[in-house]
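# Chain and residue survey
Here's the letter readout for the chains.
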Amino acid sequence: MLRKWKLIASLGLTAAGAAAAGVAVLLQKLPKETAQNTAAAPAAKPKNLKTGVYSFISGFQDAATVELSLDYDPEIFSFAIVEDEFLNYSSDSHVAILYGTEFNLQLEYAAYYSGEGFAQHSAALLAKYQTRGEISCGTLTGLWVLDGDNIAIHLPIPDDAHSYLLVTVQKTSDYDDEITTLPAYAPLKELLGTIRFVRV
């Protein structure tokens, strides 16, 4: 009887040892799995971003120079300030253009009508265009409308009672969805979310 008890105790210890070994092996595997999960995480934003700068005069008697900056990946976009060959008609003397793989952008300032502000401007857009919506990019919130074959994004310029920013978006052949999906497209919103304004 004593011999049987010793045999059972020995088997119990062996099972406990195997369980402990299994737990140890499992604990050794966890860091590897964590490393794999970390490797599967989204890639960090590129470190070689460039900054494009577009300056314009806003206002009349109290005119001030406004400087717009935005960050872009030079492997995807090229930035230029042009005085002709605009992507879309503009009455401005110069505009900023960002040529990309899936979409191109034209950024330009536009003046409010006399006595108007962004609230009145937005109301006029809502009354005129059937296909439109709100868009938030970083700290800026404005409206987008479908204007012909383009998406026109209207964004207020902080602390500016005279001008707003008009961003014309044109899709390229590499963008394989409807143009009206662009305002919700994360790469576009992230790009516009880097816009900063400084009065100089």
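Here we summarise the structure given alongside this text. (Residues numbered from 1 in each chain as written. Predicted model: local features only at pLDDT ≥ 70, side-chain atom pairs only at ≥ 80, totals over all residues. Heavy atoms only, no water.)

## Looking at helix H2 (residues 118-128)
Listed in full, the buried residues belonging to H2 are Phe-118, His-121, Ser-122 and Leu-125. End-on, the buried residues of H2 take up no more than an arc of 100°, which puts them together on one face. Projecting away from the buried face of H2 at angles above 90 degrees are the exposed residues Ala-119 and Ala-127. Contacts made by the buried residues of H2 are with strand S7 (140-147), strand S8 (150-156) and strand S9 (163-171). (Buried < 20%, exposed > 50% of the residue type's maximum accessible area, 1.4 Å probe, protein only. Helix = DSSP H or I, 4+ residues; strand = E, 2+ residues; numbered from the N terminus. Arc of directions from axis to C-beta. Contact = heavy atoms within 4.5 Å.)

## Things to note about the sheet that holds S7
Taken together, the seven strands give an open sheet; going across it, the order is S3-S4-S5-S9-S8-S7-S6, and neighbouring strands pair in antiparallel fashion. Each of the sheet's edge strands pairs with one partner strand only, and the pair in question is strand S3 (78-82) and strand S6 (132-137). Along the sheet, successive strands turn relative to each other by an average axial angle of 25°, direction set aside. Sheet strands touched by H2: S6, S7, S8 and S9. Its angle to S7, the strand with the most contacts, is close to 30°. (Pairing = 2+ DSSP bridges. Axes fitted to C-alpha atoms, helices over the stretch in contact; angles between N-to-C directions.)

## Observations concerning the pattern of salt bridges
Applying the stated criterion to the full structure yields two salt bridges. Between Arg-196 and Asp-71 there is a salt bridge; the shortest N-O distance is 3.0 Å. You can see Arg-196 sitting in strand S10 (residues 196-199) and its partner Asp-71 sitting in strand S2 (residues 64-72), a full 125 residues away along the chain. Arg-199 is the partner of Asp-160 in a salt bridge, and the nearest nitrogen-oxygen pair spans 3.4 Å. (Salt bridge = Lys/Arg side-chain N within 4 Å of Asp/Glu carboxyl O.)

## Re the nonpolar core
The biggest cluster of nonpolar side chains holds 32 residues, and the ones touching the most others in it are Leu-105, Ile-153, Leu-165, Val-169 and Ile-195. Dropping the residues within four chain positions of it, Ile-153 is found in contact with Ile-135, Leu-143, Trp-144, Leu-165, Leu-166, Val-167, Val-169, Leu-188 and Leu-192. If you look at the next biggest cluster of nonpolar residues, it comprises ten residues, including Ala-110, Leu-143, Val-145 and Tyr-164. (Core = buried A, V, L, I, M, F, W, Y, C linked by side-chain atoms within 4.5 Å.)

## A word on the sheet that holds S10
With respect to topology, three strands assemble into an open sheet ordered S1-S2-S10, the strand pairing being antiparallel. One side of each edge strand has no neighbouring strand; the edge strands of this open sheet are strand S1 (50-58) and S10. Each adjacent strand pair in this sheet contributes to an overall mean axis angle of 25°, direction not counted. For S2 and S10, the ladder comprises four bridges, and the chain directions are antiparallel. Counted as the bridge partner of Glu-67 is Val-198 from S10.

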